[in-house]
Amino acid sequence: MLHDPNRVYVFDTTLRDGEQVPGCQLSTPEKIEIAIALEALGVDVIEAGFPISSPGDFQSVVELSKAVKEPTICALTRANTGDIDAAVAALKYAKHPRIHTGIGSSDMHIKYKFNSTREQILERAVAAVKYAKKFVEDIEFYAEDAGRADNAFLAQMIEAVIAAGATVVNIPDTNGYCLPDQYGSKILYLKENVKNIDQAIISVHCHNDLGLATANSLAGLVNGARQVECTINGIGERAGNTALEEVVMVLKTHHALGLNTNINTKHFSDISRMVSKMMRMPVQPNKAIIGQNAFAHSSGIHQDGFLKHRENYEIMNPEDVGINSADIILTARSGRHALKHHLERLGYEIERINLDQIYERFLVMADGKTTAITDDDILFLMTDGKEESYKNGYKLNLLQVLCGDPLTPTASIRLEHNGVEKEAMASGNGPVNATINAIQSIVGTDILLKEFTIQAVQGGSDDVSKVNIKISHEGKSYVGHGFSTDIVKASAHAYLDAMNKFM
Ligand code: KIV
Ligand code: ZN
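To start, this report covers the structure provided alongside it.

What counts and how
- Residues numbered from 1 in each chain as written.
- Chains lettered and ligands numbered in written order.
- Predicted model: local features only at pLDDT ≥ 70, side-chain atom pairs only at ≥ 80, totals over all residues.
- Heavy atoms only, no water.
- Donors = N, O, S within 2.8 Å, 3.2 Å for Na, K, Ca; no water.
- Buried < 20%, exposed > 50% of the residue type's maximum accessible area, 1.4 Å probe, protein only.
- Phe/Tyr/Trp six-rings, centres within 6.5 Å; stacked < 30°, edge-to-face > 60°.
- Helix = DSSP H or I, 4+ residues; strand = E, 2+ residues; numbered from the N terminus.
- Lys NZ or Arg CZ within 6 Å of the ring centre and 35° of its normal.

Before going further, it helps to examine the coordination of the zinc ion (ligand 2). Only D17 (OD), H205 (NE2) and H207 (NE2) from the protein reach the zinc ion (ligand 2) as donors, at distances of 2.0 to 2.1 Å. Sequence positions of the donors to the zinc ion (ligand 2) reduce to the motif D-x187-H-x1-H. With respect to class, H205 is no different from H207; both count as buried.

Next comes the structure, spelled out in structure tokens:
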């Protein structure tokens, strides 16, 4: 296979090595959905399954071969004719089929797994490749447990399987044992000591038992491998496989490595969520690239630096991985700058509010919360009426409402503005309408109520209600929010909140 020397082929094994995880099994339609998403992502090879392992796996390889046309479809086998026959049959409809066959390469596996010798294993490896080559042109050979194999024997094995027709040679660190420099040196050793290595692509396949899968894969690529085997979200047996999104983003971020892939990284967030949901495998919040907190800044110092110049604390653009924007998480450690950022985002004009006062109340609220501050929390801060949110805004000092059957709803209200108190009384078709009419009669400006919604925050009859109001004044719209266990009071606060934005 001829290829651009800087191009790294991405071999996705989410549906084979990833799917081996207990509890992660997928139905064939689910696998097809993921395979279609992997095709859109731009992977070069999809390992669709291990056909001899079960009729379901066989069928999945058949159906994926029909559904996906651009990437190579690969089927796994052990080094025997039965496995290879099953893979050949399952790949019947694949436009670009590949058989992935192999055998143990470490002395540990040769002795204790195969009860065999190096010579016999070598023979079996060559025979399997030759047999598979009769049916399919593209043959990948894996030297299982290559991470712990003797390099000289590994080189001998790789040279023999390339001579037998292997187009790709996979050097798995099956047990996630290697250190990056050991694994990198192993790949370099093969580059330098396998005479026919230029006739095949070296593939890296690393497991994450020591948390080194991505580092090891990169060490392999830097030393000459040009295919990386990985899974979405790094799922896989035990501690998992190399995470596709990690290795691709390292190559994208570090241009100096001079390596590129065909991956459209903007799909990462969506495909990660799809795989996590279908495989019932939650993604840890601090997971690199696609974790919920991967672009969330929560400490005050970082937030301030980020808001001044995003590159201060951001090495990747969240949009590049399909996340709309970086998150500034509000906690008790956030500074004024972060709070101001969120107030502006929610439509508040900073010049018009007492930021210091709001910030003090924010800290009290944040100290009492174990989770991050939400938008509703901020709106509550701005409208709970304990303090003036607006420097020169109207403040509610008194509200009394009379209503029931057969009374005409009537509201008495006292508002303070610039230190001056004014009182009014008005009736209406209900208590909220009466309250708004009373406010209007004090303010005297032309205000049109355009939207009004009440929402119970938790759901019970003793719950805090949130009122959202939209008003218009001189052709412009303003929204306001109010919170209270009393819906009439919440409505008054929401109305004043909206009004104070232009008063
Ligand atoms: O980890 C491993 O060695 C494997 C092979 C079957 C390729 O998954
Ligand atoms: Zn594996």
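Once that is clear, we can look at the packing of aromatic side chains. The relative placement of two aromatic rings is captured by the distance of their centres and the angle of their planes. As enumerated under the stated definition, the model contains three aromatic pairs in all. Note on Y131 and F135: the rings are 5.1 Å apart at their centroids and 75 degrees apart in plane angle, and the pair reads as edge-to-face. Residue class for Y131 comes out buried when judged on its relative accessible area of 19%. According to the relative accessible area criterion, F135 is partly exposed, its value standing at 42%. With a centroid separation of 5.8 Å and an interplanar angle of 25 degrees, the aromatic rings of Y359 and F362 are classed as stacked. Of this pair, Y359 and F362 are both found in helix α14 (residues 355–367), three residues apart, which corresponds to roughly one turn of the helix. The class of Y359 is buried, set by a relative accessible area of 10%. The ring of Y93 carries the charged tip of K66 above its face, separated from the ring centre by 4.7 Å. Cation over ring: K501 sits above Y348, and NZ or CZ is 4.2 Å from the ring centre.

Any functional reading would require information that these geometric values do not contain.
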